[in-house]
Each structure stands twice: as C-alpha cells, then as structure tokens.
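Summary of structural features
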Amino acid sequence: MAESQGIAATGEPYLKTIKLDDVVLPEGDDMGIPSEDDDDEEEEEIQTESGFGNVIVVDNLPQVGQDKCDKLLSVLKKIFSQFGEIRDGGLYMPMEDAKTKGYAFVEYMDAEMAAAALKTTDGYKLDKAHIFKVNMFDSFDKYEKTPDEYVAPAVKEYSPREHLQHWMMDERGRDQFVIRWADETEVYWNDAAQNRSEEVYRRSFWTESYVQWSPRGSMLTTVHRQGVAVWGGPNWNRLLRFSHPGVQLLDFSPCENYMFTCSTQESHTREPAKVCIKAFEMRSGTMVREFEGPITEFIMEGDKQGLNWPVLKWSGGEGD
C-alpha cells in the first residue's frame, strides 16, 4: 500500500502532543481490546471466592533436618520478601519425620505481591540441585479438576482468512494511502495516471492517536489506550488485537511476522521513567517476550534526547 500516511502516520509519532484524555469515543466502543481494569475485576472476584489469591507454593526446595530448617527459612524470607510484605507466620514449610517436605507456602499481604513473586522466582536457581517451581495456591484446585482421561478438543469449523494482498490485484496497479483528520480515518486509491484519488474505506473514531501501515502494506494498525488493533482485507475487518495499556509506539519486523509495542511511564519521583516493550507473534497474536526497565537501559549513555525508537534492530532474515 501507499507510503504516504499523513502527518500522524509517518512512523515517528509523538504522542506527547496528543491529549488522550480529551478524546471522546462512542460509548462502549473499545475496538474489542480487553481492558486491564476488566481483568482486575475478574481476578478480584476469583480471589474473593477462594480466599487464597495471595498465597504461592514454592516447590523443589531442599529437604533438610530441624538443625538447618531455620537457615533455609531465613534464605527463603530474604528472597521472597523482595516482592512485598509477608504476613506474620506467612512463610511455612511442612515437615515429616523431622525433615522438611521440599516445599513451602508464602502468604503475602495482597495478590499483586504474590503475582510478582511468581513471575520472577519461578525457575529461580537456588543451587545446582534445586530450581524453584512456583505456583499460585489457587492453581492446584484447577489441576485437581483436570480429568484423568484425555478429551480431544472440538474441531473448529474452517473459516477462510482475509486476503491481505487483495489490493495488489487492482487492474490499474494502484497503491493505497491513508489520511487522518479530526476523528476521521480514510483510505484511498492513489490514481497517479488520472491525477486523482478514489475513496476505499472510511471510519470515524477508528483510532485514538494514529495509524500505521505494516512494512508490506498488508495490514493497517490502530492505536488505543488498551493496546493495538490490526485491520486488513477487502472489508477492513479486525484481524488481531494486542493488549498493551498506554502503548505509544510500535514497530513491525520486515516480513511482518512479529511486532514490538512500547510504552513509557513517567516517574513521580526522581527515578527515571519506566519503559515496557512487548514482542508479539503476528500469526497467533501471542506475546512472546517482554522487556521492562528504567529508560536509562534503553538509551545510549549521555543521550539527552530520550528514547530513540525503534531501540531494537531486526536481523532482516526470512524468519522476521
């Protein structure tokens, strides 16, 4: 599709000039991108029902006698207290025949602390023989309900995918371009021979900030507060959605197999701003990697201009 995208879609958007709070969208129209607020509500309901949403279970611990139990508890407390306050008596290792059983329960003050501990310590290598396996206490109820016999999933009815290169079948060999004005987004054929344009598709409130073509012109990306949506095909249907609250920047791999999204969050203290970069696989929509850290880890030393996007470079092979 076309190289020209309007001022807001040049590939170098500056969202600092856009006041997202002033954008008014039609009621209930979130482009189908799940909101983190909705997820939080669902999680809270589940935690209330079980009562153990703030408890994790740490497996693959050393089995030690009573003489070394206090030392092991001290080591575990030092590791897991980094993620939040542990309740009084909230670190417990069951014992049998005067030896620990090789696992422990850790109860935090809230579920967010437990989730952070799970994310970071699952797979933590205590020593050569002991690598942590961490689960939420609530997960065991789910595992117990897993049937012993395998049940094959239902076969989904085949539905043809959108023809993302349909525009290349144009008899006149025209390209397409997109323009943005006010709350409108419009896609046009670029008819250079006739020195005119022809409208293909238009939509109001299609994006909250800007739109961006994929490198091969197969897809058009819209950016929202909750994340990114990708559109394409002759009917401009939504193909995929990617959750990344506060997303500001995005970058496709050359072969359109992957996409990076980026957000920055200013600190209210003297600490540097925080950066979050997510990598998605385009065929499935799955997030495959996430990079988080202070902005100083993503810029060159001494660079005072801030984040220079994109911060990651693709190798350019067919796998990209």
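Up top you'll find the structure we're talking about.
Structural notes, computed from the coordinates. Not measured: the values here are computed from a predicted model. (Residues numbered from 1 in each chain as written. Predicted model: local features only at pLDDT ≥ 70, side-chain atom pairs only at ≥ 80, totals over all residues. Heavy atoms only, no water.)

1. Things to note about the overall build of the chain
The helix and strand tally for the chain stands at 4 helices and 19 strands. Here the chain holds 320 residues, and the buried ones make up 37% of them. With an accessible surface of roughly 20800 Å², the chain has 48% of that area assigned to carbon and sulfur atoms. (Helix = DSSP H or I, 4+ residues; strand = E, 2+ residues; numbered from the N terminus. Buried < 20%, exposed > 50% of the residue type's maximum accessible area, 1.4 Å probe, protein only. Areas by Shrake-Rupley, 256 points an atom, 1.4 Å probe, with all protein chains shown as cover.)

2. Looking at helix H3 (residues 111-121)
Each α-helix turn comprises 3.6 residues. Residues three or four places apart therefore point the same way. For H3, the set of buried residues is Ala111, Ala114, Ala117 and Thr121. The buried residues of H3 occupy one face: seen down the axis, they fall within an arc of 120°. Exposed positions of H3 whose direction lies more than 90 degrees from the buried face are Glu112, Lys119 and Thr120. N-capping of H3 is provided by Asp110, with a side-chain oxygen placed 3.1 Å from the backbone N of Glu112. (Arc of directions from axis to C-beta. Polar contact = N/O pair within 3.5 Å; in protein donor to acceptor, adjacent residues only side chain to side chain.)

3. Description of the sheet that holds strand E9 (residues 175-181)
In sheet architecture, strand pairing relies on hydrogen bonds along the backbone and comes in two forms, parallel and antiparallel. Pairing is antiparallel in the open sheet, where 3 strands are placed in the order E9-E10-E11. Looking at the sheet topology across the chains shown, the edges are occupied by E9 and strand E11 (196-204). Each strand axis lies, on average, 25° off the axis of its neighbour in the sheet, ignoring direction. Strand direction decides the pairing type here: E9 and strand E10 (residues 184-191), joined by 7 bridges, are antiparallel. Counterpart to Phe177 in the pairing with E10 is Tyr188. (Pairing = 2+ DSSP bridges. Axes fitted to C-alpha atoms, helices over the stretch in contact; angles between N-to-C directions.)

4. A few points about the packing of aromatic side chains
Inspection of the entire model under this criterion finds 16 aromatic pairs. Plain terms: the ring middles of Phe177 and Tyr188 are 5.7 Å apart, the flat faces sit at 20° to each other, and that makes the pair stacked. Here the residue Phe177 occupies a position in strand E9, and Tyr188 occupies one in strand E10, the gap between them amounting to 11 residues. Look at Phe177 and you get buried, because its relative accessible area is 15%. For Tyr188, a relative accessible area of 14% translates into the label buried. (Phe/Tyr/Trp six-rings, centres within 6.5 Å; stacked < 30°, edge-to-face > 60°.)

5. A look at the pattern of salt bridges
A full pass over the atoms with the stated rule returns 11 salt bridges. Here Arg172 makes a salt bridge to Asp191, at a shortest N to O gap of 2.6 Å. Separated by 19 residues along the polypeptide, Arg172 in the loop between helix H4 (139-144) and E9 and Asp191 in strand E10 bring together distant segments of the chain. Taking the relative accessible area as the measure of exposure, Asp191 reaches 4% and is therefore buried. For Arg174, the salt bridge identified is with Asp191, shortest N-O distance 3.9 Å. Pair noted here: Arg174 is in the loop between H4 and E9 and Asp191 is in strand E10, with a separation of 17 residues, a long-range link. Judged on exposure class, the residue Arg174 and its partner Asp191 are both buried. Salt bridges here are not isolated pairs; linked through shared partners, they connect Asp170, Arg172, Arg174, Asp191 and Glu198. (Salt bridge = Lys/Arg side-chain N within 4 Å of Asp/Glu carboxyl O.)

6. Quick look at unusual backbone geometry
The amide bond that connects Trp309 to the next residue, Pro310, takes the cis arrangement and shows omega of 0°. With respect to the helices, strands and loops of the structure, Pro310 is situated in the segment after strand E19 (287-294). Phi is positive for Asn60, which is not a glycine, with a value near 65°. Structurally, Asn60 can be placed in the loop between strand E1 (55-59) and helix H2 (66-80). Even without glycine at this site, Phe205 takes up a positive phi of about 55°.

7. Examining the pairing of strand E15 (residues 237-243)
Relative to E15, strand E14 (residues 227-232) is paired through 6 bridges, and the arrangement is antiparallel. The residue bridging Ala229 from the neighbouring strand is Arg241, located in E15. Connecting E14 to the next strand, E15, in antiparallel fashion are 4 residues, including Gly233 with a positive phi near 85°.

8. A look at the sheet that holds E19
Strand order in this open sheet of 4 strands is E16-E17-E18-E19, and the pairing throughout is antiparallel. Taken across any chain shown, the strands that pair with only one partner, and hence form the sheet edges, are strand E16 (249-252) and E19. The average angle at which neighbouring strand axes cross in this sheet is 15°, direction not considered. Relative to strand E17 (residues 258-265), E16 runs antiparallel, the two being bridged by 4 bridges. Each residue of the ladder has a partner; that of Asp251, found in E17, is Phe260.

The quantities given are spatial measurements derived from coordinates; they are silent on function.
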